[in-house]
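Single-letter residue listing:
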Amino acid sequence: MTEVMVARIGAGWLRQAARRRSRSDAGMTTAEYAVGTLGACALAAGLYKVVTSAAVMGALTETLERALHAT
């Protein structure tokens, strides 16, 4: 092989690799991270409200007291 052929093969491989890399959707973009973070925070806030409600706190307390006083 001549140097010109090697250079053409190398350049072609480099172009193909760049095309493959630009087409792949390997990660999330910043906007997707922001939406995901907001969704996680909203879910956490909702769960916190449920767990700290009087009904759930009473049920958890009752369950723990029964478990601690079980013989």
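All values derive from a computational prediction rather than experimental measurement.

Asks: What is the right way to look at the overall build of the protein in this model?
Replies: Of the regular secondary structure elements, the protein holds three helices and zero strands. What you see in the protein, going N to C, is helices and strands ordered as α-α-α. A buried classification covers 3% of the 71 residues belonging to the protein. Carbon and sulfur atoms make up 67% of the accessible area of the protein, which amounts to about 6500 Å² in all.

Asks: Which parts of the structure should I look at to understand a nonpolar patch on the surface?
Replies: Residues Val50, Val51 and Leu60 make up a contiguous nonpolar surface patch of about 240 Å² in total accessible area. Mapping valine 51 onto the fold places it in helix 2 (residues 30-51).

Asks: Got a minute to help me understand the pattern of salt bridges in this structure?
Replies: Once their charged atoms are close, side chains differing in charge can pair, the charge on each being opposite to the other. Taken as a whole and assessed by the stated rule, the structure comprises one salt bridge. Of the charged contacts in the structure, one is a salt bridge between arginine 66 and glutamate 62, with a shortest N-O distance of 3.7 Å. Note that arginine 66 and glutamate 62 are positioned in helix 3 (residues 54-68) at a spacing of four residues, about one turn of the helix. Here glutamate 62 falls in the partly exposed class, since its relative accessible area comes to 46%.

Cut-offs applied
Residue indices follow the written sequence of each chain, beginning from 1 at its first position. Only residues with pLDDT of 70 or above have their local features reported here, since the model is predicted, and side-chain atom pairs are shown and tallied only from 80 upward, although totals for entire chains, interfaces and linings are computed over all residues. Calculated side-chain values reflect all of the structure's heavy atoms, with hydrogen atoms and water omitted. Strands are runs of DSSP state E lasting at least two residues, helices are runs of H or I lasting at least four, and both sets are numbered from the N terminus onward. Buried residues are those whose accessible area, probed at 1.4 Å on protein chains only, stays under 20% of the maximum for their type, while exposed residues exceed 50% and partly exposed ones sit between those limits. Reported accessibility uses the Shrake-Rupley method at a 1.4 Å probe radius. Residues are deemed covered only where the shown protein chains occlude them. Each patch groups residues whose relative accessible area exceeds 30% and which form no salt bridge, using 9 Å between like charges and 5 Å between nonpolar side chains of Val, Leu, Ile, Met, Phe, Trp and Tyr. Salt bridge, as applied in this entry: a Lys or Arg side-chain nitrogen positioned within 4 Å of an Asp or Glu carboxyl oxygen.

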